[in-house]
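Read off the chains here:
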Amino acid sequence: MTDATPVENATKTWHKPWKNPFIIFWLAILIIVLIVNFFMVSMAIVTNPGLVNSSPYKRGANYEAIMAERNAEALLGWQISIEWPELKEKAKTTLQLTALDKEGKAIVADSVELYAYRPSDLKEDFVLKLMATDVAGRYQTEVSMPKKGKWVWIAEVKRGNEKSSISGELMVADPAP
């Protein structure tokens, strides 16, 4: 007779799904993929300006002409600036644009237009014509932004066959209570 104590057999707990290393590994990969997808979707929503080109083929085919136009615009050296007041939804404000040539002399333009694009809603886009003031090279108009939020704008100054433009983004605030 031997005094041997029974040895417990080492049992693996792989039959329990939450203790199985393979299941934990695949769940970790699944969670990482979901987190990365959530991050990418949120970045697409936040950073996408939403501006859509209605004819991308035509724009691509005219790429050389567009680049030549931009180079000609850069050679003009016009200095265009806009004084943006604080904009509130549906509140009228006066917008002023100043246009100077390469030497700093006022530009007497044939037309000055401001294109405002609402990235989230194409139906809100509009164009404003700016009128000359008493000061040479200064143009202004009354603007009332229809909705609060982010807007993209392009201001274009034309004189004969010459034109130059500037662009940017702006935020329109809630109306004052």
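In this report, we go over the structure that sits alongside the text. The structure displayed is predicted, hence computed values, not measured ones. (Residues numbered from 1 in each chain as written. Predicted model: local features only at pLDDT ≥ 70, side-chain atom pairs only at ≥ 80, totals over all residues. Heavy atoms only, no water.)

### Focus: the overall build of the chain
For clarity, the cut-off: A run of DSSP states H or I qualifies as a helix once it reaches four residues; a run of E qualifies as a strand once it reaches two. Both are numbered from the N-terminal end. Buried residues are those whose accessible area, probed at 1.4 Å on protein chains only, stays under 20% of the maximum for their type, while exposed residues exceed 50% and partly exposed ones sit between those limits. Should any heavy atoms of two residues lie within 4.5 Å, those residues are considered in contact. Here the accessible surface of atoms and residues is derived via Shrake-Rupley with a 1.4 Å probe, and residues count as covered only by protein chains that are part of the display.
Helix and strand counts for the chain come out as three helices and eight strands. Reading the chain from its N terminus to its C terminus gives the helix and strand order α-α-α-β-β-β-β-β-β-β-β. Within the chain, buried positions represent 24% of all 177 residues. If you take every contact in the chain between residues at least 6 apart in sequence, the share linking residues at least 24 apart comes to 57%. Accessible surface computed for the chain: about 13,100 Å², of which carbon and sulfur atoms make up 61%.

### Examining the sheet that holds strand 2 (residues 92-100)
Worth spelling out the cut-off: Note on pairing: two strands pair once DSSP finds at least 2 bridges between them.
Overall, antiparallel pairing links the four strands, which are arranged 1-2-6-5 in an open sheet. Whereas interior strands pair on both sides, the edge strands pair on one side only; in this sheet they are strand 1 (79-83) and strand 5 (131-132). As judged from the seven bridges shared by strand 2 and strand 6 (residues 138-144), these two strands associate in the antiparallel manner. Directly across from T93, in strand 6, lies its bridge partner V143.

### Considering the environment of R138
Among the secondary structure elements, R138 is positioned in strand 6. As a C-alpha pair, R138 and A109 span 29 residues in sequence and 9.7 Å in three-dimensional space. Filtering out sequence-adjacent residues up to four positions away, R138 remains in contact with E83, Q96, L97, T98, M131, A132 and T133.

### So, the side chain of E113
Using the following cut-off: Polar contacts here mean pairs of N or O atoms no more than 3.5 Å apart (in protein, one a potential hydrogen donor and the other a potential acceptor; neighbouring residues in sequence count only if both atoms are side-chain atoms).
Here E113 is to be found in strand 3 (residues 111-117). With relative accessibility at 12%, the residue E113 sits in the buried group. A polar contact of 2.5 Å, which involves the side chain of E113, links it to the side chain of Y115. Within the structure, the side chain of E113 is placed 2.4 Å from the side chain of K129, a separation counted as a polar contact. Ignoring sequence-local partners within four residues, the contact set of E113 consists of V127, L128, K129, L130, I154, A155 and E156.

### Description of helix 3 (residues 63-76)
We apply this condition: The span you would expect from a helix comes to 1.5 Å times its residue count less one.
Its 14 residues give helix 3 an end-to-end C-alpha distance of 20 Å, which sits within 8% of 20 Å, the value for a rise of 1.5 Å per residue. Following helix 3 by one or two positions, G77 adopts a phi angle in the positive range, close to 70°.

### Digging into the sheet that holds strand 4 (residues 126-129)
The test is simple: Axis lines are fitted to C-alpha atoms, over the contacting stretch for helices. Their N-to-C directions set the angle, which ranges from 0 to 180 degrees.
Reading across the sheet, the four strands line up as 4-3-7-8 and stay open at both edges, with antiparallel pairing between neighbours. The open sheet has two edge strands, strand 4 and strand 8 (162-172), and neither has a second partner. Mean inter-strand twist for the sheet, computed between neighbouring axes without regard to direction, equals 20°. Summarising the sheet, strand 3 and strand 7 (residues 149-159) pair through seven bridges and their orientation is antiparallel. Along strand 7, the bridge assignment pairs S111 with K158.

### Comments concerning a nonpolar patch on the surface
To keep things clear, this is the line we draw: Each patch is assembled from residues with relative accessible area greater than 30% and no salt bridge, linking like charges that lie within 9 Å and nonpolar side chains (Val, Leu, Ile, Met, Phe, Trp, Tyr) that lie within 5 Å. Just to be clear on terms, a salt bridge is a Lys or Arg side-chain nitrogen sitting within 4 Å of an Asp or Glu carboxyl oxygen.
Together, W18, I23, L27, L30 and L34 make up a nonpolar patch on the protein surface, roughly 510 Å² of accessible area in all. With respect to the helices and strands, the residue I23 is situated in helix 1 (residues 21-47). For I23, a relative accessible area of 34% translates into the label partly exposed.

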